[in-house]
Amino acid sequence: MIYDSASWTALLALGAGHGINPAMGWLFAVALGLQRGRRGAVWGALGPLAVGHALAIAAAILAAGVVGVILPLGVLKTATALLLVGLGLFRLVRSRHPSLGSGRAYGGMQVDGRELAIWSFLMASSHGAGLMVLPLVLGDPASAAQAQHVAHASLVVLGEPGWNGASAAVVHTVGYLLVTGLIAVVVYEKLGLRFLRTMWVNLDLVWAVALVVTGLAVVL
Amino acid sequence: MARLRPDPTFYPSAKQAAAAPPEELAYLAMLSPNQSRSDAIGVVDVKPGSKSYGRLLSQIEMPKRGDELHHFGWNACSASLCPWAAHPHVERRYLVVPGINSSRIHILDTKADPRRLELVKVIEPETLARKTGYAAPHTVHCGPDGIYLSALGAPDGGGPGGLFVLDHDSFEPRGTWERDHGPQHLAYDFAWHLGYDTTVTSEWGTPSMVRDGVNPELLLGGKYGNSLHVWDLRKGTHIEKLPLGDEYQMTLELRPARDPRKAYGFVGVVISLADLSASVWVWYREDEKGGKDGKERKEGKAGKGWKVKKVIQIPAEPADPADLPPLLQGFKAVPPLITDINLSLDDRQLYVSCWGTGELRQYDVSDPFKPRLTATTQIGGIVRRAAHPASPSKRLNGGPQMVELSRDGRRVYLTNGLYSPWDEQFYPAGLESWMVKLETRPEGGMALDSKFFLEMERGVRCHQVRLQGGDASSDSFCFSS
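Note that the structure is predicted; figures quoted are calculated from it, not measured.

K.L.:
Hey, could you run me through the overall build of chain B in this one?
P.N.:
When its secondary structure is counted, chain B shows 6 helices and 30 strands. Taken against the 2.2 N^0.38 rule, which gives 23 Å for 481 residues, the C-alpha radius of gyration of chain B at 20 Å falls within 12% of a compact globule. Here the C-alpha coordinates of chain B stretch approximately 60 × 50 × 50 Å along the principal axes. Long-range contacts, defined here as pairs at least 24 residues apart, represent 60% of the contacts in chain B between residues at least 6 apart.

K.L.:
I keep staring at the overall build of chain A and nothing clicks. Help me out?
P.N.:
Along its length, chain A carries 11 helices and 0 strands. When the helices and strands of chain A are placed in sequence order, the string is α-α-α-α-α-α-α-α-α-α-α. Looking at chain A as a whole, 50% of its 220 residues qualify as buried. Considering only contacts within chain A whose residues lie at least 6 apart along the sequence, 83% involve residues at least 24 apart.

K.L.:
Please clarify how the sheet that holds strand β3 (residues 56-61) of chain B should be interpreted in this entry.
P.N.:
Adjacent strands of a sheet pair through backbone hydrogen bonds, lying either parallel or antiparallel. All names here are of chain B. Reading across from one edge, β3-β2-β1-β30 is the order of the 4 strands in this open sheet, with antiparallel pairing throughout. One side of each edge strand has no neighbouring strand; the edge strands of this open sheet are β3 and β30 (461-467). Strand-to-strand twist in this sheet, taken as the mean axis angle between neighbours without regard to direction, amounts to 25°. Note: strand β1 (residues 25-31) against strand β2 (residues 40-45), 6 bridges, orientation antiparallel.

K.L.:
What should I look at first to understand the interface of chain B and chain A in this one?
P.N.:
When the parts of a complex come together, some accessible area is lost, and that lost area is often taken as the interface size. Across the boundary between the two partners, chain B contributes 42 residues, which contact 29 residues of chain A. Here the side of chain B that touches chain A is built from residues that sort into 21 nonpolar, 9 polar and 12 charged.

K.L.:
Looking at this model, I keep getting lost on the sheet that holds strand β13 (residues 198-201) of chain B. Mind explaining?
P.N.:
Residues and elements named next belong to chain B. The sheet built from 4 strands is open, its strands ordered β12-β13-β14-β15 with antiparallel pairing. Each edge of the sheet is formed by a strand with only one pairing partner; in this case those strands are β12 (190-193) and β15 (237-243). On average, each strand axis in the sheet is tilted by 25° relative to the strand beside it, whichever way the strands run.

K.L.:
In this structure, what is going on with the environment of Leu467(B)? I would like to understand it.
P.N.:
Residues and elements named next belong to chain B. Looking at the secondary structure, you find Leu 467 in strand β30. By C-beta crowding, Leu 467 is classed as buried, having 24 other C-beta atoms within 10 Å. In the structure, Leu 467 is positioned 144 residues away from Asp 323 in sequence and 36 Å away in space, judged by C-alpha atoms.

K.L.:
Explain the packing of helix α3 (residues 39-70) of chain A against helix α4 (residues 73-93) of chain A here, please?
P.N.:
When two helices pack together, their arrangement is given by the angle between their axes and by how far apart the axes lie. All names here are of chain A. Viewed as axis vectors pointing N to C, α3 and α4 meet at an angle of 135°, and their least axial separation amounts to 9 Å. Judged by the angle between their axes, α3 and α4 are oblique. The handedness of the crossing between α3 and α4 is right-handed. Contacts between α3 and α4 involve Ala 64, Val 67 and Gly 68 from the first element and Leu 73, Leu 76 and Thr 80 from the second.

K.L.:
Teacher, can you tell me more about the packing of helix α1 (residues 5-20) of chain A against helix α6 (residues 129-138) of chain A here?
P.N.:
All names here are of chain A. Two elements in contact, α1 and α6, have axes whose closest approach is 10 Å; the angle formed by their N-to-C orientations is 165°. Taken together, the axes of α1 and α6 lie roughly antiparallel to each other. Relative to α6, the crossing made by α1 is right-handed. For the pair α1 and α6, contact is made by Ser 7, Ala 10, Leu 11, Leu 14 and His 18 and by Ala 129, Met 132, Val 133 and Leu 136, respectively.

K.L.:
Help me understand the nonpolar core in this model?
P.N.:
Taken as a class, soluble globular proteins show a tendency for nonpolar side chains to be buried jointly. Ranked by size, the top nonpolar core spans 200 residues in total, and within it Val30(A), Ile61(A), Val133(A), Leu28(B), Ile41(B), Trp283(B) and Ile338(B) carry the most contacts. If you tally residues by element for this core, the top one is α3(A), at 12 residues. The next biggest cluster of nonpolar side chains, apart from the first, holds 9 residues, and it includes Leu324(B), Val334(B), Phe426(B) and Tyr427(B).

K.L.:
Looking at this structure, how should I read α4(A)?
P.N.:
The periodicity of an α-helix, 3.6 residues per turn, causes residues three or four positions apart to be oriented the same way. All names here are of chain A. Between the first and last C-alpha of α4 there are 30 Å, a value that for 21 residues agrees with the 30 Å anticipated at 1.5 Å per step. Along α4, the positions that sit buried rather than exposed are Leu 73, Leu 76, Lys 77, Thr 80, Ala 81, Leu 84, Leu 87, Gly 88 and Arg 91. Down the axis of α4, the buried side of the element spans an arc of 140°, and every buried residue falls inside it.

K.L.:
Please explain the environment of Pro63(B) as it appears in this structure.
P.N.:
One can find Pro63(B) in the loop between β3 and β4 (73-74). With residues near it in sequence (within four places) discarded, Pro63(B) still touches Leu119(B) and Val122(B).

K.L.:
Mind showing me how you'd approach unusual backbone geometry here?
P.N.:
Among all residues except glycine, the phi angle is most often negative; among peptide bonds, the trans geometry is most common. Residue and element names in this part refer to chain B. At the junction of Gly 159 and Pro 160, the peptide bond is cis and its omega measures out at 0° in the coordinates. Of note in this structure, Asp 197 is not a glycine but carries a positive phi near 50°. The residue Asp 197 is located in the loop between β12 and β13 in this model. C-beta crowding within 10 Å serves as the criterion here: with 22 such atoms nearby, Asp 197 is assigned to the buried category. Even without being a glycine, Lys 332 presents a positive backbone phi close to 50°.

K.L.:
Help me understand the confidence of the model for chain B, please; the structure alone is not making it clear to me.
P.N.:
Fine structural detail should not be taken from predicted coordinates in areas where pLDDT scores are low. Residue and element names in this part refer to chain B. Taken as a whole, chain B shows an average pLDDT of 94; of its residues, 98% reach a score of 70 or greater. In this model residues 290-295 is a low-confidence stretch, pLDDT under 50, and it forms 4 contacts with partners more than four residues away in sequence or in other chains. Interface confidence for the predicted complex, given as ipTM, is 0.91, next to a pTM of 0.93.

K.L.:
Is there a simple way to think about the environment of His172(A) in this case?
P.N.:
Residue and element names in this part refer to chain A. By secondary structure assignment, the location of His 172 is in helix α9 (residues 159-191). Distance in space between the C-alpha atoms of His 172 and Ala 56 is 11 Å, their sequence separation being 116 residues. With residues near it in sequence (within four places) discarded, His 172 still touches Leu 11, Leu 14, Gly 15, Ile 57 and Val 133.

K.L.:
Would you mind showing me how to read the pairing of strand β29 (residues 446-455) of chain B here?
P.N.:
In regular strands, side chains alternate between the two faces of the sheet. Residue and element names in this part refer to chain B. Where strand β28 (residues 434-440) lies against β29, 6 bridges are found, and the strand directions are antiparallel. Its bridge partner being in β29, Met 435 is matched across the sheet by Leu 454. Following β28, the chain reverses through 5 residues before pairing antiparallel with β29; Gly 444 in that reversal takes a positive phi of roughly 120°.

Parameters at a glance
- Residues numbered from 1 in each chain as written.
- Chains lettered and ligands numbered in written order.
- Predicted model: local features only at pLDDT ≥ 70, side-chain atom pairs only at ≥ 80, totals over all residues.
- Helix = DSSP H or I, 4+ residues; strand = E, 2+ residues; numbered from the N terminus.
- Rg over C-alpha atoms; globule rule 2.2 N^0.38 Å.
- Contact = placed C-beta atoms within 7 Å.
- Buried ≥ 20, exposed ≤ 12 C-beta atoms within 10 Å, placed from the backbone.
- Pairing = 2+ DSSP bridges.
- Axes fitted to C-alpha atoms, helices over the stretch in contact; angles between N-to-C directions.
- Nonpolar A, V, L, I, M, F, W, Y, C, P; charged D, E, K, R; others polar.
- Parallel < 35°, antiparallel > 145°, perpendicular 65-115°, else oblique.
- Left-handed = near helix turned anticlockwise from the far one by under 90°.
- Core = buried A, V, L, I, M, F, W, Y, C linked by C-beta atoms within 7 Å.
- Expected span 1.5 Å × (residues − 1).
- Arc of directions from axis to C-beta.
- pLDDT = per-residue confidence, 0-100.

Structure representation (structure tokens):
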């Protein structure tokens, strides 16, 4: 089975990596704290941010599972790889704010918990966070076939492996939440936003490259 | 291509932006009202000690004549750091320059050589009309998720006016911003309370009401704008109309508090029909008054509960009709005509231009409901015609009009042209245009810089000033403190 301790660690680390990106949540939590003038607003934002992020990961795993009913694992992995590379290249050229059909970026400074979760879901999805997790969840066809005696990835998601899919989303989100929360609280309480101007490295660029590399790694 | 680090001119908060280094260049709208040539954007050296200090370094002419350049702005600014639509690695690089009469929008590149601009794109009026239904584009603000512009009205010269958005990357118009205009018909300026997901707009007149000069019939009938409108920034829907009163005419420049926690702002009103006075009003959310520590209500959706209150009134000055233009002779007084105001990034100082009487006033607005006059500088004016220290014997016309302020609040730049057809009515002898600079003191006080007196050549008039790297009115902020 694919879920050895290395896989769990990788999922956790990937979640932590997503959490570092200011555009993925912690900066929003800090801004809400400053706007409302209380630290409770920072803490209160973390739950909805995590829920949205988890749902985005779960949605990607579920989608892969459903598609896996039809496609052999090998094909599914190639498709994932192509999507990763494609999204990465697209994001290198053009970076768009996710919107809900209105053409306007989704969000604002007076968001409630539900909206914050939707925002987090959209940000994670549009950045391909879920897609990036897939290679870890899908495993390699040979070992999956040996372990499960099937060549379809659907079993990875349904049944016992399905539980594994859900735990993958949760483990990943724990990594995300820990880092997002830690940075948000430290920045709000201690650091302030002065360093944003100089230290906010273009993670979108790094991210786009990471998407492409992940995609290539899956095929090679 | 995106940058690896954020643009160094982006600041999370207004307070941090106020610590920015001083500007070295200013960009200046230069008009040719008789259309003998094209309008241009000039580059002015504002670095003290420089050999060409206070002089025009270059100018780039627009491709066609008759644009009537007016206001302009940056493609991107500190609003790019807003957490829900962050894209801090774009550049503050392009000036978006609309022609209010031609409805052409020019995109100028400042990067290759900030002292010599390049034209990189023109949006034609037909494209603007097709995609937005608007004409006469006016105010430009770089927003969190696009470049927002206001427009005075429709291509046929009527209304309604409103807002539209240009795409960050392509500069193509994305469409009309409003989903529901409600009772709003007239448009002019707009401002944001990004912390409250709220937009505020003001009223002048539709293109046909202003293009041929101020129409005395419309003015005396109170037909020009006299209200503010509050909008839901996220939905593009009208929330409420804030009428100032029938006698007030032309609610123009909007200057919201720069701290996104503060739910108030200032608007200048050109004239009162009752006594020709001019006024400044504060719009505010009801819970803002008395709740300065901000603990009352800093959360909740954009909604009703906004008010507007007059906080400054400047009376007309009695005058000999012989000194007055025909439009004003019957009134035997010169109206102050507040045509522009500006607010420092620390929300402390408000500058008020009195284009008629030739005064710039500085107020301490630490308490926005109790402004305190801290200094007055006189230059030009319909009757006063005050001189500049660089040329003490030369009587100037025009008056303080567009007022721009450096990010640190220490320097004020003034120009004296309003709007070509209106200039002729108030300064019929022919407005001779100039740009001047004042040094200010944070605790109050200001004085004209005797080394900075840039006179336009005859036939050229200057309007808005933008400062390199941003100025007090160019950026919006999403982070408090």
